[in-house]
Amino acid sequence: MNELKAKIARFEGQITEIIINAIDKEELTTDQAREITAFWLPRVKSITAEDALATLVEDLSARWPMFNSVVIIEQGEIRSEDEKKITEEVISLVKDGKIEEAVQLAKAANN
């Protein structure tokens, strides 16, 4: 759960930075910023899993495309985490002498 809280805090920081920059550049009004905040805050408080956070970030981006960069970051992190898990599984299979299974898993991951 601590990883999830850290990820939420990181996203909130990125979202806040995007909002502040958009207001500074007069690309966003304070009323629009309030609308974004009213969308985000009640939903993020109920997040208990990373997939729910990913969905919320995607919903935010769908409503306000200025947050597309946050979605791209999330997708990259998910891909990186998946690759790490697969690598660990391949290593475990090799250690267990299951070389053919390790090769098949590695090939499947690259397709």
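Rules used throughout
- Residues numbered from 1 in each chain as written.
- Predicted model: local features only at pLDDT ≥ 70, side-chain atom pairs only at ≥ 80, totals over all residues.
- Heavy atoms only, no water.
- Helix = DSSP H or I, 4+ residues; strand = E, 2+ residues; numbered from the N terminus.
- Rg over C-alpha atoms; globule rule 2.2 N^0.38 Å.
- Buried < 20%, exposed > 50% of the residue type's maximum accessible area, 1.4 Å probe, protein only.
- Contact = heavy atoms within 4.5 Å.
- Areas by Shrake-Rupley, 256 points an atom, 1.4 Å probe, with all protein chains shown as cover.
- Lys, Arg positive; Asp, Glu negative; His and termini not counted.
- Charge placed at Lys NZ, Arg CZ, Asp CG, Glu CD.
- Core = buried A, V, L, I, M, F, W, Y, C linked by side-chain atoms within 4.5 Å.
- Phe/Tyr/Trp six-rings, centres within 6.5 Å; stacked < 30°, edge-to-face > 60°.
- Lys NZ or Arg CZ within 6 Å of the ring centre and 35° of its normal.

Draft legend 1. Representation of the overall build of the chain in the model. Helix and strand counts for the chain stand at five helices and zero strands. Its C-alpha atoms give the chain a radius of gyration of 19 Å, clearly above 13 Å, the size a compact globule of 111 residues would have. Along the three orthogonal principal directions, the C-alpha set of the chain runs to about 60 × 25 × 20 Å. Sorting the 111 residues of the chain into buried and exposed places 27% on the buried side. For the chain, the share of sequence-separated contacts (at least 6 apart) that also reach a separation of at least 24 residues comes to 55%. Surface exposure of the chain reaches about 7,600 Å², of which carbon and sulfur atoms provide 52%. When the 14 positive and 22 negative side-chain charges of the chain are each reduced to one mean point, those points stand 3 Å apart.

Draft legend 2. Quick look at the nonpolar core. Judged by nonpolar contacts, the single largest core of 22 residues is most densely connected at Trp40, Leu53, Leu60 and Phe67. Listing elements by their share of this core, those giving two or more residues are α1 (2-24), α2 (30-44), α3 (50-63) and α4 (68-95). No other element matches α1, which puts seven residues into this core. The residues contacting Phe67, other than those within four sequence positions of it, are Ile15, Ile18, Ile19, Ile36, Leu60 and Ser61.

Draft legend 3. Here's a closer look at the packing of aromatic side chains. Per the stated rule, a full pass over the model turns up one aromatic pair. On the numbers, 5.4 Å between centres and 70° between planes, the contact of Phe39 with Trp64 is edge-to-face. Of the two residues, Phe39 is situated in helix α2 and Trp64 in the loop between α3 and α4; the sequence distance between them amounts to 25 residues. In terms of burial, Phe39 and Trp64 fall into one category: buried. Across the ring face of Phe11, the terminal group of Arg10 is positioned such that the distance to the ring centre comes to 6.0 Å.

Don't take any of this as a statement about function, it's just geometry.
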